[in-house]
Structures are given as structure tokens and as C-alpha cells.
Amino acid sequence: IGRPVTARAVPLEELRAKASAAGNSADRVEQMLAMNAHYDHHGFLGNPNILRMVLRREPTRFEDYVRRLWAGTAKPSP
């Protein structure tokens, strides 16, 4: 896309604001915050095969997702 793109941790209050602005219900927002707070505290453990097994396909690489997002063919995450 012609510029560097990096992943970053989104602070929980920023996540709350964005998820609410995107129209998620208050209950859904609280569920997202609880899940992300748990991951922040305990980590997000697994091995490279877990996502592949859950999806039953190859996971999308971050670079490919950004390219699709830039091209307008991917829906951004809240």
C-alpha cells in the first residue's frame, strides 16, 4: 500500500469507544472487553495449528488482510 503498517494493542477504553460507535450493544461491548482483559492478563496461548484447525483452512496472513482491506474487499474489525 506504499507505507508501513503495524499491528498494535488497542487500549480497552479505545476498544469500548470504537465498538460502541460501530453499533454493538452494551452487552456485546462488555463481553468484548472482558475477553480482551482476560487475554491481556493471561495471554492468548496456542500453537500455530490451532487457528488452522478452528477455521478448517489456512489463516489469512496479516499482510494479506491489510492488502484486501486497502483494496476495499475486507471488512475492518471494530
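Residues numbered from 1 in each chain as written. Predicted model: local features only at pLDDT ≥ 70, side-chain atom pairs only at ≥ 80, totals over all residues. Heavy atoms only, no water.

A. Broad picture of the overall build of the protein chain. Check the secondary structure of the protein chain and you find 4 helices and 0 strands. When the helices and strands of the protein chain are listed from N to C terminus, the series reads α-α-α-α. Relative to the compact-globule value of 12 Å for 78 residues, the protein chain shows a C-alpha radius of gyration of 15 Å, a clear excess of over 25%. Its C-alpha atoms put the protein chain at 35 × 30 × 20 Å along the principal axes. By residue count, 9% of the 78 residues in the protein chain fall in the buried class. Summing over all exposed atoms, the protein chain offers an accessible surface of approximately 6600 Å²; the carbon and sulfur share of this is 58%. (Helix = DSSP H or I, 4+ residues; strand = E, 2+ residues; numbered from the N terminus. Rg over C-alpha atoms; globule rule 2.2 N^0.38 Å. Buried < 20%, exposed > 50% of the residue type's maximum accessible area, 1.4 Å probe, protein only. Areas by Shrake-Rupley, 256 points an atom, 1.4 Å probe, with all protein chains shown as cover.)

B. Quick peek at a nonpolar patch on the surface. Together, Ile50, Leu51, Met53, Val54 and Leu55 make up an exposed nonpolar region whose accessible area comes to about 460 Å². Considering the arrangement of structural elements, one finds methionine 53 in helix α3 (residues 48-55). Take methionine 53: its relative accessible area is 55%, and that puts it in the exposed class. (Patch = residues over 30% accessible without salt bridge, like charges linked within 9 Å, V, L, I, M, F, W, Y side chains within 5 Å. Salt bridge = Lys/Arg side-chain N within 4 Å of Asp/Glu carboxyl O.)

C. Focus on the environment of leucine 15. Relative to the elements of secondary structure, leucine 15 occurs in helix α1 (residues 12-21). What makes leucine 15 buried here is its relative accessible area of 11%. Residues leucine 15 and methionine 53, 38 residues apart in the sequence, show an inter-C-alpha distance of 28 Å.

D. Just the packing of aromatic side chains, in detail. In the structure shown here, the tally under the stated rule is 1 aromatic pair. With a centroid separation of 4.6 Å and an interplanar angle of 80°, the aromatic rings of tyrosine 39 and phenylalanine 44 are classed as edge-to-face. Under the relative-accessibility criterion, phenylalanine 44 is labelled exposed at 63%. (Phe/Tyr/Trp six-rings, centres within 6.5 Å; stacked < 30°, edge-to-face > 60°.)

E. Geometry of the environment of histidine 42. Looking at the secondary structure, you find histidine 42 in helix α2 (residues 26-42). Judged by relative accessible area, histidine 42 falls into the partly exposed class, the value being 48%. Only 3.1 Å separates the side chain of histidine 42 from the side chain of histidine 41, close enough to count as a polar contact. (Polar contact = N/O pair within 3.5 Å; in protein donor to acceptor, adjacent residues only side chain to side chain.)

F. A look at the pattern of salt bridges. In this structure the tally under the stated criterion is 8 salt bridges. Residues glutamate 63 and arginine 61 are paired through a salt bridge, measuring 3.1 Å at the closest nitrogen-oxygen approach. Glutamate 63 gets classed as partly exposed once you look at its relative accessible area, which sits at 40%. For glutamate 63, the salt bridge identified is with arginine 67, shortest N-O distance 2.8 Å. Of this pair, glutamate 63 and arginine 67 both sit in helix α4 (residues 62-71), 4 residues apart, which is roughly one turn of the helix. Connected through salt bridges with shared partners, the residues Arg61, Glu63, Asp64 and Arg67 form a single ionic network.

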